[in-house]
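Summary of the model geometry
These are the residues of each chain, in order.
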Amino acid sequence: MTLALVAPPSPLWYFGRASGFVTLLLLTASVGLGIVVSRRGRSPKWPLFVTNELHRYLSLVFLVFLTVHVVTIWLDPFTSFSPADVLIPLASNYRPLSMGLGIAAAELGLAIWLSAYLRRWIGYRAWRAIHFLTYAVFPMALIHGIATGTDTGSAWSLAIYMGCAGVVGALAWLRVADTTELGAETA
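Predicted model only: the values in this text are computed from it and were never measured.

Some thoughts on a nonpolar patch on the surface
On the surface, V22, L60, V64, F65 and V68 cluster together to form a nonpolar patch covering roughly 340 Å² of accessible area. Looking at which element gives the most residues to the nonpolar patch, the answer is helix α2 (residues 48–75), with 4 residues. Tracing the chain through its elements places F65 in helix α2. The exposure class of F65 is partly exposed, given its relative accessible area of 31%.

What follows is the structure in structure tokens.
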């Protein structure tokens with residue numbers, strides 16, 4: 001009988017997984033607030049500028065947790081990823097498509113965030129076109145989590161994935177419905 005010694009996962013493994021879920025939740029909140037801002041959601045008790053600033057803040061915190069996620073996954077001794085594996089889409093041998101989607105989503109997310117600060121130089125139309133990429137970033141990040149995450153089979157992770165998809169899906173549907181109504185009114 002052989003007794004195999006198995007090292008417990010490193011704390012980085014747990015930080016990497018947890019920060020991935022927190023990053024998805026922050027992305028969901030940021031995308032959701034972005035849709036609310038684009039719909040000009042107003043309330044006497046909650047002015048639009050507060051929603052807009054909260055959207056900006058959550059976007060920044062999303063990037064902080066995204067950085068924690070990438071760095072902890074990269075530094076975790078179990079994963080043995082190179083910098084290229086976590087920074088270049090499709091470079092990793094580990095689940096290349098889903099890793100590539102996550103990396104591309106992260107890089108597009110950074111570009112979208114930067115566009116908000118470059119808006120006066122790139123113009124409103126370019127900023128808005130770049131911001132529409134959010135509708136690609138969210139599903140790419142969601143697929144990355146589902147297909148790459150080691151917790152996907154658990155009920156709690158599926159609840160998080162479905163909740164995030166439900167929130168963004170419902171708000172995106174409302175956004176499209178508003179656009180359709182606006183087009184019908186002007187026709």
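This is not the end of the story, as more comes after the structure.
Focus: unusual backbone geometry
Phi angles above zero are rare outside glycine, and L90 is one such case at about 70°. Within the secondary structure layout, L90 lies in the loop between α3 (83–87) and α4 (96–122).

With respect to the confidence of the model for the protein
Overall, the prediction assigns the protein a mean pLDDT of 87, with 88% of residues at 70 or greater. Within the protein, helix α7 (residues 155–186) has the poorest average pLDDT of any element, 83, and helix α6 (residues 134–148) the best, 95.

Considering the environment of F62
By secondary structure assignment, the location of F62 is in helix α2. Take F62: its relative accessible area is 8%, and that puts it in the buried class. Sequence separation between F62 and S19 is 43 residues, and the spatial gap between their C-alpha atoms is 9.8 Å. Other than its neighbours up to four places away in sequence, F62 contacts T23, L26 and L27.

Here we look at the packing of aromatic side chains
Tallied over the full model, the rule gives 7 aromatic pairs. Ring geometry for W13 against F78: centres 6.1 Å apart, planes inclined by 70°, an arrangement best described as edge-to-face. Here F78 lies in the loop between α2 and α3 and W13 lies in helix α1 (residues 11–38), a separation of 65 residues in the sequence. On the basis of relative accessibility, which here comes to 69%, the residue F78 falls in the exposed class. By way of ring pairs, the aromatic residues F21, W156 and Y161 are connected into one cluster. Positioned above the aromatic ring of Y117, the side-chain terminus of R56 is 5.5 Å from the ring centre. Seen from the ring of W127, R119 lies directly overhead, with NZ or CZ sitting 4.2 Å from the centre.

About the criteria used
- Residues numbered from 1 in each chain as written.
- Predicted model: local features only at pLDDT ≥ 70, side-chain atom pairs only at ≥ 80, totals over all residues.
- Heavy atoms only, no water.
- Patch = residues over 30% accessible without salt bridge, like charges linked within 9 Å, V, L, I, M, F, W, Y side chains within 5 Å.
- Areas by Shrake-Rupley, 256 points an atom, 1.4 Å probe, with all protein chains shown as cover.
- Salt bridge = Lys/Arg side-chain N within 4 Å of Asp/Glu carboxyl O.
- Helix = DSSP H or I, 4+ residues; strand = E, 2+ residues; numbered from the N terminus.
- Buried < 20%, exposed > 50% of the residue type's maximum accessible area, 1.4 Å probe, protein only.
- pLDDT = per-residue confidence, 0-100.
- Contact = heavy atoms within 4.5 Å.
- Phe/Tyr/Trp six-rings, centres within 6.5 Å; stacked < 30°, edge-to-face > 60°.
- Lys NZ or Arg CZ within 6 Å of the ring centre and 35° of its normal.

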